[in-house]
Amino acid sequence: MSVPTVLVHRDSKVLAKAVAARLITGLADALAAKGSAHLVLTGGGMGTASLAEVAANPAHDAVEWPRLDIWWGDERFLATGDAERNETAARRALLDHVETDPERVHPIPGPDSGLTAEEAADRYAAELRRASRPEDHGPVPSFDVLMLGLGPDGHVASLFPEMPALYDERPVVAVHGAPKPPPTRISLTLPTIGAAREVWVIAAGEEKAGAVRLALQGSGPFQVPGAGARGRLRTVFLLDRGAAAKIPPDLGRLASP
Ligand SMILES: O=C(O)[C@H](O)[C@@H](O)[C@H](O)[C@H](O)COP(=O)(O)O
């Protein structure tokens, strides 16, 4: 597990633009090096704002979108097209504005698939396994970038403190009774998040400052799931000043004055 790098930006608007620029560069580099790449998207305000900034940045044409496999770290268990689905937000913010290969965009099934939440989780796990290769050494691909938002309670994806999903070794699980509505969700688990080459935790606002501190300073992942969000090669906490307000000065480098 990689020790987090912390980058602090002036405010949430600059943060979203900086995440977008980093994403464009990172994806273009990965695609140039390997000819394909895997990106895991997050829901939530900051994740979606970052995707909108990718769409607004002309440099996004540097990314060979048809070669990119796009996954979700979690999904609200709602019907396709529901405004509250993370997929819907991502399509509106970015995917409807770039030329992806529909076969390589992997939304998590909703109830309109006729599946239960548990069956949808198993279906997604099977899709991830089909996309994994021997060199990935596991049931999921080695994601190039896995984006996560961070809740004020320290949750990432739909992994909420002290909930059973945090103890689950399966790659993908159904979550019931989530404290953040809607209550039924599908989520990658910590072992799957840890399969990513890079994990980016993106957070803005004073209300996240406590969770950021706990996630960075060695709390247990069962009490603070964000503390378990670490990439194999790199972990980056991308914050605005509000979210960085409670971390020791030596831990966060001010990236944009
Ligand atoms: O389905 C979701 O809601 C997200 O996956 C969730 O994990 C989100 O990223 C965090 O709650 C942060 O959300 P904000 O960026 O809106 O604070």
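Residues numbered from 1 in each chain as written. Predicted model: local features only at pLDDT ≥ 70, side-chain atom pairs only at ≥ 80, totals over all residues. Heavy atoms only, no water.

The chain goes by 6-phosphogluconolactonase in an unreviewed UniProt entry, where it is assigned to Sphaerisporangium krabiense. Quoted verbatim from the Sequence similarities (unreviewed entry) field of UniProt, the annotation for the chain is "Belongs to the glucosamine/galactosamine-6-phosphate isomerase family. 6-phosphogluconolactonase subfamily." Per its UniProt entry, the chain bears the Function (unreviewed entry) comment "Hydrolysis of 6-phosphogluconolactone to 6-phosphogluconate." (UniProt positions renumbered as here; feature names shortened; annotations may be inferred.)

Draft legend 1. Region of the structure containing the site of the ligand. Surrounding the ligand, one finds 15 residues, the nearest of these being Gly45, Asp74, His155, Ala157 and Lys208. For the ligand, an oxygen atom lies 3.2 Å from a polar atom in the side chain of Asn86. His155 is positioned such that a nitrogen or oxygen atom in its side chain is 2.6 Å from an oxygen atom of the ligand. Going through the elements one at a time, α2 (45–56) and β4 (74–76) are the ones with two or more residues in the shell around the ligand. Taken together, the residues that form the shell around the ligand break down as 3 nonpolar, 7 polar and 5 charged. (Near = heavy atom within 4 Å. Polar contact = N/O pair within 3.5 Å; in protein donor to acceptor, adjacent residues only side chain to side chain. Helix = DSSP H or I, 4+ residues; strand = E, 2+ residues; numbered from the N terminus. Nonpolar A, V, L, I, M, F, W, Y, C, P; charged D, E, K, R; others polar.)

Draft legend 2. Structural view of the pattern of salt bridges. Per the stated rule, a full pass over the model turns up 13 salt bridges. Among the ionic pairs, Glu53 bridges to Lys17, the shortest N-O distance being 3.2 Å. Of this pair, Glu53 sits in helix α2 while Lys17 sits in helix α1 (residues 12–34), placing them 36 residues apart in sequence. Residue Glu53 is classed as partly exposed on the basis of its relative accessible area of 22%. (Salt bridge = Lys/Arg side-chain N within 4 Å of Asp/Glu carboxyl O. Buried < 20%, exposed > 50% of the residue type's maximum accessible area, 1.4 Å probe, protein only.)

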